[in-house]
Amino acid sequence: MKALIYHGPGKKTWSDAPRPQLIQPGDAIVQVDTTTICGTDLHILKGDVPAVQVGRILGHEGVGTVVETGSAVHGLAVGDRVLISCIKSCGHCANCRSGLYSHCLGEEGQSGIGWVFGHLIDGTQAEYVRVPYADNSLYKLPDGVSDAEAVMLSDILPTGFEIGVLAGGVSPGDVVAVIGTGPVGLAAIATAGLCGAGTIVAIDRDANRLEQARGFGATDTVDSSDPGWKDKVLALTDGAGVDVAIEAVGLPETFSMAVSLARPGGHIANVGVHGASVTLPLQELWIQNISITMGLVNTNTTPMLLKLVAGHKIPAAKFATHTFTFDQVMEAYDTFARAAETKALKVIITRNPAHS
């Protein structure tokens, strides 16, 4: 089969790889029909994730068809069309039973780490993938959900919703600021309304993405390159500050922006993946009763979000801005890496364009 293989920082190929085989009774082999690229994949290619070994097949998002199941798989059958979750779940450890799939204690990849695809085991940017704990890590798809919609449920939609909206405690009528309107920030915007957010402010310096944000549910947009950006946000709150500030970039500067916007008693929900330390002014925050949360997605809301996508309550298809076939995967990476220039949100990579 063909797969996107990591060969060290800055090096990747779309080349031949052994077709995966069943290893454990709970495994399934899935023919990947559609996959996509995440910002995390770009971090890996920069050498920012040293746990990823040379020779690893990248990718942790996908939609496909079950072609083989292990003897312990009972909820799936050959021919089922499925969503591949970015997070493994053995389904029976203490963490999984409490919904903390991101820290699944199953031995696959590494105990205590839920993100294994394209990280600790071979991933989904390939023609076939082995899925451990298949009964709990795959989700059957209804006919009315396209591959392009479904693949957004592998990672970005549950991440924006769980780590941004739910962890941030968004409540009816809240003013929510989302800093960074990349795919995950837009996912937070698209799902904040599920919890009744009254005002959703998108903050970015990319004019195209701010325009896109309105299509995902932002009520207001603010250009953060404007020296008066903070005053413009606070003007929407009568000067009080926002109820929930969602940081969806992962830079010290944007985290500081979130801190500066939260009202007394407000919440800062950090979704961005940080590669450097940030300054946390506890001497100011403690007396303001500020809550700060952060984390790795659990994907325990995936079944609910799937129902909402099937019911056209979440505009999942809007994330897909470019479509490529598997043999164009290198072009897809180039397009995604130059998102500011190409205006890409999520690129769809498909075995058959009819699937998208």
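It should be emphasised that the depicted structure is a prediction, and the values quoted were computed from it without experimental measurement. (Residues numbered from 1 in each chain as written. Predicted model: local features only at pLDDT ≥ 70, side-chain atom pairs only at ≥ 80, totals over all residues. Heavy atoms only, no water.)

**Student:** Got a minute to help me understand the overall build of the protein in this structure?
**Tutor:** Of the regular secondary structure elements, the protein holds 13 helices and 15 strands. The globule rule puts the C-alpha radius of gyration for 356 residues at 21 Å, and the 20 Å found for the protein is close to it. Each of the three principal axes of the protein carries a C-alpha extent, and together these read 60 × 45 × 40 Å. Across the 356 residues of the protein, 55% fall into the buried class. Long-range pairs, those at least 24 residues apart, make up 70% of the contacts in the protein between residues at least 6 apart in sequence. Carbon and sulfur atoms form 52% of the exposed surface of the protein, whose accessible area is close to 14,400 Å². Charged side chains of the protein number 24 positive and 35 negative; the gap between the two group centres comes to 2 Å. (Helix = DSSP H or I, 4+ residues; strand = E, 2+ residues; numbered from the N terminus. Rg over C-alpha atoms; globule rule 2.2 N^0.38 Å. Buried < 20%, exposed > 50% of the residue type's maximum accessible area, 1.4 Å probe, protein only. Contact = heavy atoms within 4.5 Å. Areas by Shrake-Rupley, 256 points an atom, 1.4 Å probe, with all protein chains shown as cover. Lys, Arg positive; Asp, Glu negative; His and termini not counted. Charge placed at Lys NZ, Arg CZ, Asp CG, Glu CD.)

**Student:** Would you explain the pairing of strand β10 (residues 220–223) in this entry?
**Tutor:** Remark: a regular strand shows side chains that alternate across the two faces of the sheet. With four bridges joining them, strand β9 (residues 199–204) and β10 adopt parallel strand pairing. When the sheet's bridge partners are listed, Val-201 is paired in β10 with Asp-220. Each parallel crossover has a hand, and the one from β9 via helix α7 (residues 207–215) to β10 is right-handed. (Pairing = 2+ DSSP bridges. Right-handed = clockwise from strand over helix to strand, strands pointing away.)

**Student:** What's the story with the sheet that holds strand β11 (residues 242–247) in this structure? I'm lost.
**Tutor:** The six strands lie next to each other as β10-β9-β8-β11-β12-β13, forming an open sheet whose pairing is parallel. Of all strands in the sheet, those bounded by a partner on one side alone are β10 and β13 (291–294). In this sheet, neighbouring strand axes are inclined to one another by 20° on average, regardless of whether the strands run parallel or antiparallel. Bridge count for strand β8 (residues 175–179) against β11 is four bridges, and the pairing is parallel. Bridge pairing in β11 places Val-176 opposite Val-244. Lying over the sheet, helix α5 (residues 156–166) contacts β11, β12 (262–270) and β13, oriented at roughly 155° with respect to β12. (Axes fitted to C-alpha atoms, helices over the stretch in contact; angles between N-to-C directions.)

**Student:** I would appreciate a short explanation of the nonpolar core in the present structure.
**Tutor:** A general trend in soluble globular proteins is that nonpolar side chains are found buried together. Grouped together as the largest cluster of nonpolar side chains are 88 residues, with contacts concentrated most on Val-30, Leu-58, Leu-138, Leu-157, Ile-189, Ile-246 and Phe-319. When residues of this core are assigned to their parent elements, the largest contribution, six residues, is made by helix α6 (residues 183–192). Within the second largest apolar cluster, 20 residues are counted, among which are Ala-258, Ala-262, Leu-285 and Ile-290. (Core = buried A, V, L, I, M, F, W, Y, C linked by side-chain atoms within 4.5 Å.)

**Student:** What exactly am I supposed to notice about the pairing of strand β4 (residues 62–69) here?
**Tutor:** Where strand β3 (residues 28–36) lies against β4, seven bridges are found, and the strand directions are antiparallel. When the sheet's bridge partners are listed, Ile-29 is paired in β4 with Glu-68. Note: β4 against strand β5 (residues 81–84), four bridges, orientation antiparallel. In the sheet register, Thr-65 faces β5, and the bridge partner there is Arg-81.

**Student:** How should I be thinking about the state of the cysteines in this particular structure?
**Tutor:** Per the stated rule, a full pass over the model turns up zero disulfides. Not part of a disulfide, Cys-38 finds its nearest cysteine sulfur in Cys-86, a span of 8.2 Å. Residue Cys-38 is classed as buried on the basis of its relative accessible area, which comes to 10%. In this structure Cys-195 is not part of a disulfide, and its nearest cysteine sulfur, from Cys-86, lies 19 Å away. Look at Cys-195 and you get buried, because its relative accessible area is 19%. (Disulfide = S-S within 2.5 Å.)

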